[in-house]
Amino acid sequence: MAKLNVENVDVQRRSNDYVHQVYEQVKRRNANETEFLQATREIFDSLRPVFAQHPEYITNGILERLTEPERILTFRVAWEDDSCKVHVNRGYRVQFNSELGPYKGGLRFHPSVNSSIMKFLAFEQIFKNALTGQPIGAGKGGSDFDPKGKSDREIMRFCQSFMTELSRHIGPDIDVPAGDIGVGKREIGYLFGQYKRLKGGYEAGVLTGKDPSHGGSLGRKEATGYGTVYFTDEMLKEYGMSFTDKTVIVSGSGNVSIYAMEKAQQLGAKVIACSDSSGYIVDSDGIDLECVKQLKEVENKRIQEYVKTHPEARYIEDCSGVWSIPCDIALPCATQNEIDEESALLLIKNGVTAIGEGANMPCTNEALTIFQEHGILFAPAKAANAGGVAVSAMEMSQNSMRLRWTAEEVDDRLKVVMRSIYESCIDAADRFGKPGNLIMGANVAGFLKVADAMAAHGLS
Ligand code: NAP
């Protein structure tokens, strides 16, 4: 028995040493890429027990290979504004991992885009896409282009220039981009049009998030927000709770936020606040979602306009203040690192019981630790927001089969996928000694699928 314990300690030490050494190497190689290091750190912390049980992953150098993108493309995007002035932006595509299928992940157009943000998003996508159980690898791309304030023609010219370069590197069986912040169906339409023109053929499966009237899947627009709420609801059910009569706060008022609010309301919750990058609104009667959709999806206006037609609501400048509003459930659906230590403590002080991450990495690692220490129910992004990419994979299937599922069929499939992701996370957390810990469960369950494929495919 004593010998066994010594062996166990040795195995554990070897696993810890391995994780530590690889992390030090990742830090050296990616110095100053804070978001990427934050994302890898969070994963590494979960994986220690896995290497203790599976030393073959150490022998195969899985972690070293998994943290180095297969390919990073950066390119110049020159375009002309309406006054014929030339602008140059930088384009990116990080093709991180193709063990499970073609690279898959969105394109983000936002001035904050840089190599670190692209790499963290593509890295997280590996685990998320694996969790969906669909045959998709992982990538992410975008540009530091700011679509705000640009005319429709300027957006079109930018998208055409961006795709002219990107088209050399993508294809339905190679890499299938989609939307993300700043890239919706309008941008996907322009990108697709340019790809079609350059290739001289109609390869519907090269992009997802297309308009349902020409090649897109019904239910894709709603999928990430609905999926986040379905996953959070599974977690609540486990503890005898539900969305019914709960007070909910959602950050952002973009694609993910709007459909998270819609599904939370459909499940009986009262959503009382949402935001954009300028500020937030509080409507204690419950947010009028049709008004938010009109402002954001149709008129492209700021959230502050809401109070003009809803005098009972308040608008407060400073988007981070949204976390000071007392609520039962918080759904961060805007951007990375929007909940820091201070916001986490404020949410807890005000009685929050559950967090469901709709955005990618919206909580800092310090905030994650605080939520865990206080026993807050936590649905991590890699699992909770995987509904979007899952329905993107369904769009690829429909494009390949040249048929179209109804919105109800897609939604039914989405529910099944979210339930199955939840079960995979619970199983993995149980198996590796942290029952109920969905952060660890999501990281490990996603990792195992990719690691096994990497081992099976040999060294590359
Ligand atoms: P989106 O439609 O462009 O919306 C983003 C929203 O967040 C906008 O309302 C934006 O406001 C707001 N915002 C940005 N920074 C903010 C801040 N610091 N505080 C408060 N609000 C802020 O983008 P999206 O597609 O919904 O994506 C949102 C998040 O979900 C991202 O993390 C994305 O990576 C993740 N995600 C998206 C999908 C998808 O299917 N779209 C799938 C998985 C994950 P402004 O209008 O003022 O900029």
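No experiment lies behind these values; they were computed from the predicted model shown. (Residues numbered from 1 in each chain as written. Predicted model: local features only at pLDDT ≥ 70, side-chain atom pairs only at ≥ 80, totals over all residues. Heavy atoms only, no water.)

What to know about the site of the ligand
So, step 1. Near the ligand lie 24 residues; those nearest to it are Asp-180, Thr-224, Ser-277, Arg-302 and Asn-360.
So, step 2. For the ligand, an oxygen atom lies 3.2 Å from a polar atom in the backbone of Gly-182.
So, step 3. Contact distances for the ligand include 2.8 Å between an oxygen atom and a side-chain N or O atom of Asn-360.
So, step 4. Contact with the protein chains removes 85% of the 910 Å² of surface that the ligand exposes when unbound. (Near = heavy atom within 4 Å. Polar contact = N/O pair within 3.5 Å; in protein donor to acceptor, adjacent residues only side chain to side chain. Areas by Shrake-Rupley, 256 points an atom, 1.4 Å probe, with all protein chains shown as cover.)

What about the pairing of strand S6 (residues 247-250)?
So, step 1. Summarising the sheet, S6 and strand S7 (residues 270-275) pair through three bridges and their orientation is parallel. Bridge assignment links Thr-247 to a residue of S7, and that residue is Lys-270.
So, step 2. The β-α-β motif built from S6, the intervening helix H9 (residues 255-266) and the parallel element S7 has right-handed crossover chirality.
So, step 3. Where S6 meets strand S10 (residues 329-331), three bridges bridge the pair, whose relative direction is parallel. Residue pairing for S10: Val-250 is matched across the bridge by Leu-331. (Pairing = 2+ DSSP bridges. Helix = DSSP H or I, 4+ residues; strand = E, 2+ residues; numbered from the N terminus. Right-handed = clockwise from strand over helix to strand, strands pointing away.)

Some points on the domain arrangement of the protein
So, step 1. Taken as a whole, the protein is organised into domain 1 (2-67), domain 2 (71-206) and domain 3 (221-384).
So, step 2. Each of domain 1 and domain 3 has a C-alpha centre, and these two points are 34 Å apart.
So, step 3. Residue-level contacts link six residues of domain 1 with seven residues of domain 3.
So, step 4. When domain 1 packs against domain 3, the two sides together hide about 520 Å² of surface, and 51% of this comes from carbon and sulfur.
So, step 5. It is Glu-35, Gln-38 and Glu-42 in domain 1 that bury the most area against domain 3; as a group they hold 79% of the surface buried on that side.
So, step 6. In this structure, the connection of domain 1 to domain 3 is made through one salt bridge.
So, step 7. The partner of Lys-382 in a salt bridge is Glu-42, with the nearest N and O atoms 2.9 Å apart.
So, step 8. Inspection of the region where domain 1 meets domain 3 yields three residue pairs in polar contact (both at pLDDT 80 or more).
So, step 9. Here the residues of the side of domain 1 that touches domain 3 are counted per class, giving two nonpolar, one polar and three charged. (Domains from an automatic or database assignment. Contact = heavy atoms within 4.5 Å. Buried area = accessible area lost by both parts, 1.4 Å probe. Salt bridge = Lys/Arg side-chain N within 4 Å of Asp/Glu carboxyl O. Nonpolar A, V, L, I, M, F, W, Y, C, P; charged D, E, K, R; others polar.)

Topic: the nonpolar core
So, step 1. Grouped together as the largest cluster of nonpolar side chains are 96 residues, with contacts concentrated most on Phe-51, Phe-231, Val-292, Ile-421 and Phe-447.
So, step 2. Here Val-292 is in contact with Ser-253, Ile-258, Met-261, Cys-274, Ile-287, Glu-297, Ile-303 and Tyr-306, once residues within four sequence places are set aside.
So, step 3. Listed in part, the 24 residues of the second largest apolar core include Ile-249, Ala-273, Trp-323 and Leu-347. (Core = buried A, V, L, I, M, F, W, Y, C linked by side-chain atoms within 4.5 Å. Buried < 20%, exposed > 50% of the residue type's maximum accessible area, 1.4 Å probe, protein only.)

Thoughts on a negative patch on the surface
So, step 1. A cluster of like negative charges, contributed by Asp-340, Glu-341, Glu-342 and Glu-366, occupies part of the molecular surface.
So, step 2. Note on placement: Glu-366 falls in helix H13 (residues 365-373).
So, step 3. A relative accessible area of 46% places Glu-366 in the partly exposed class. (Patch = residues over 30% accessible without salt bridge, like charges linked within 9 Å, V, L, I, M, F, W, Y side chains within 5 Å. Lys, Arg positive; Asp, Glu negative; His and termini not counted. Charge placed at Lys NZ, Arg CZ, Asp CG, Glu CD.)

Details of the pattern of salt bridges
So, step 1. Within the structure shown, the criterion is met by 27 salt bridges.
So, step 2. When salt bridges with common partners are traced through the structure, they connect Glu-234, Lys-237, Arg-419 and Glu-423 into a single cluster.

Observations regarding the sheet that holds S7
So, step 1. Strand order in the open sheet formed by seven strands is S9-S8-S7-S6-S10-S11-S12, and the pairing between neighbours is mixed. Single-partner strands in this sheet number two, and they are strand S9 (314-317) and strand S12 (377-379). Recorded for the sheet is a direction-independent mean angle of 15° between the axes of neighbouring strands. (Axes fitted to C-alpha atoms, helices over the stretch in contact; angles between N-to-C directions.)

Here we look at the packing of helix H5 (residues 115-131) against helix H17 (residues 438-457)
So, step 1. Two elements in contact, H5 and H17, have axes separated by 8 Å at closest approach and are oriented at 85°. On the basis of their axis angle, the class for H5 and H17 is roughly perpendicular. Contact residues: H5 offers Ile-126, Phe-127, Ala-130 and Leu-131, while H17 offers Ala-442, Asn-443, Ala-445, Gly-446, Phe-447, Lys-449 and Val-450.
So, step 2. Residues that form the contact of H5 with H17 fall into these classes: eight nonpolar, two polar and one charged. (Parallel < 35°, antiparallel > 145°, perpendicular 65-115°, else oblique.)

As for the sheet that holds strand S3 (residues 103-109)
Where strands meet in a sheet, backbone hydrogen bonds hold them as pairs that are either parallel or antiparallel.
So, step 1. Strand order in the open sheet formed by five strands is S1-S2-S4-S3-S5, with mixed pairing between adjacent strands. Here the strands that pair on one side only, and so sit at the sheet edges, are strand S1 (71-80) and strand S5 (175-178). Across the sheet, the mean angle separating the axes of adjacent strands is 20° when strand polarity is ignored.
So, step 2. Of the pairings in the sheet, the one linking S3 to strand S4 (residues 138-143) comprises three bridges and is parallel in character. By the bridge assignment, Leu-107 is partnered in S4 with Gly-141.

Quick word on the state of the cysteines
Working definition of a disulfide: a covalent bond connecting the sulfur atoms of two cysteines.
So, step 1. The final tally for this structure, using the stated rule, is zero disulfides.
So, step 2. Here Cys-274 is not disulfide-linked; the sulfur of Cys-291 is the nearest cysteine sulfur, at 9.4 Å.
So, step 3. Judged by relative accessible area, Cys-274 falls into the buried class, the value being 0%.
So, step 4. With no disulfide of its own, Cys-363 lies closest to Cys-333 among cysteine sulfurs, the gap being 11 Å. (Disulfide = S-S within 2.5 Å.)

A short note on the side chain of Arg-93
So, step 1. By the element assignment, Arg-93 lies in strand S2 (residues 86-97).
So, step 2. At a separation of 2.7 Å, a polar atom in the side chain of Arg-93 contacts the side chain of Asp-175.

Thoughts on the environment of Ser-277
So, step 1. With respect to the helices and strands, Ser-277 occurs in the loop between S7 and strand S8 (279-282).
So, step 2. Note: C-alpha distance between Ser-277 and Gly-252 (25 residues apart in sequence) is 7.3 Å.
So, step 3. Ser-277 has contacts with Lys-148, Arg-302 and Cys-319, leaving out every residue within four places of it along the chain.
So, step 4. At a separation of 3.4 Å, a polar atom in the side chain of Ser-277 contacts the side chain of Arg-302.

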